[in-house]
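Letter by letter, the chains look like this.
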Amino acid sequence: MISNNGKSQLDVYMEEGCIAIDAGINTLEYWKLNKHRFPQLAIMACDILSIPITTVASESSFSIHVPETEEIHFSKQDSNIIIDE
């Protein structure tokens, strides 16, 4: 969306001065207070900021760990995985 002065919301937002981190401003509260000035940016910011964070390492999320004491056998006849303990 382009404003009357020919600038996008992003251009206007980026031209504003920075807010000091120690100002005690909550990011979601900032976008709630400024949603009338930057409606599209506020929607995007809230969508992104509402994604829950995780403390699990990405490597462990996408890997399969099989203890060394177990063996995996693949059957050619079907797609089942058999784990021997």
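**Looking at the overall build of the protein**
Argument step 1. When helices and strands are tallied, the protein shows four helices and two strands.
Argument step 2. Ordered by position in the sequence, the α and β elements of the protein form the string α-α-α-α-β-β.
Argument step 3. In the protein, buried positions account for 11% of the 85 residues.
Argument step 4. Surface exposure of the protein reaches about 7,800 Å², of which carbon and sulfur atoms provide 59%.

**Let's talk about the nonpolar core**
Argument step 1. Counting residues in each nonpolar core, the largest one holds six residues, listed as Y30, W31, F38, L41, A42 and A45.
Argument step 2. Elements that contribute at least two residues to this core include exactly helix 2 (27-33) and helix 3 (39-49).
Argument step 3. The greatest single-element share of this core, amounting to three residues, is contributed by helix 3.
Argument step 4. Other than its neighbours up to four places away in sequence, F38 contacts Q9, V12, Y13, E16, Y30 and W31.

**Points about helix 3**
Argument step 1. Residues of helix 3 that are buried: L41, A42 and A45. Projected down its long axis, helix 3 carries its buried residues within an arc of 100°, all on one side.
Argument step 2. Taken together, the buried residues of helix 3 touch helix 1 (9-15) and helix 2.

**Remarks on the packing of aromatic side chains**
Argument step 1. All told, the structure shown has five aromatic pairs when counted by the stated rule.
Argument step 2. Ring centres of Y13 and F38 lie 5.6 Å apart, and the angle between their planes is 85°; this geometry places the pair in the edge-to-face category. With Y13 in helix 1 and F38 in the loop between helix 2 and helix 3, the pair connects residues that are 25 residues apart, well separated along the chain.
Argument step 3. You can call Y13 partly exposed: its relative accessible area is 29%.
Argument step 4. Among the aromatic residues, ring-to-ring pairing joins Y13, Y30, W31 and F38 into one connected group.

**A short note on the layout of surface pockets**
Argument step 1. Quantified by volume, the largest pocket comes out at close to 360 Å³.
Argument step 2. Along the wall of the largest pocket there are 13 residues; nearest its centre are Y13, C18, I19, A20 and Y30.
Argument step 3. Every element with two or more residues in the lining of the largest pocket is listed here: helix 1 and helix 2.
Argument step 4. Among the elements that line the lining of the largest pocket, the one with the most residues is helix 2, at three residues.

**Notes on the side chain of S8**
Argument step 1. Locating S8 in the fold gives a position in the segment before helix 1.
Argument step 2. Residue class for S8 comes out buried when judged on its relative accessible area of 18%.
Argument step 3. Within polar-contact distance, the side chain of S8 engages the backbone nitrogen of D11 at 3.1 Å.

What counts and what doesn't
- Residues numbered from 1 in each chain as written.
- Predicted model: local features only at pLDDT ≥ 70, side-chain atom pairs only at ≥ 80, totals over all residues.
- Heavy atoms only, no water.
- Helix = DSSP H or I, 4+ residues; strand = E, 2+ residues; numbered from the N terminus.
- Buried < 20%, exposed > 50% of the residue type's maximum accessible area, 1.4 Å probe, protein only.
- Areas by Shrake-Rupley, 256 points an atom, 1.4 Å probe, with all protein chains shown as cover.
- Core = buried A, V, L, I, M, F, W, Y, C linked by side-chain atoms within 4.5 Å.
- Contact = heavy atoms within 4.5 Å.
- Arc of directions from axis to C-beta.
- Phe/Tyr/Trp six-rings, centres within 6.5 Å; stacked < 30°, edge-to-face > 60°.
- 1 Å grid on protein atoms, 1.4 Å probe; cavity = no way out; pocket = protein on both sides within 12 Å on 5 of 7 lines; lining within 4 Å.
- Points joined across faces, edges and corners; volume = space filled by probe spheres on them.
- Polar contact = N/O pair within 3.5 Å; in protein donor to acceptor, adjacent residues only side chain to side chain.

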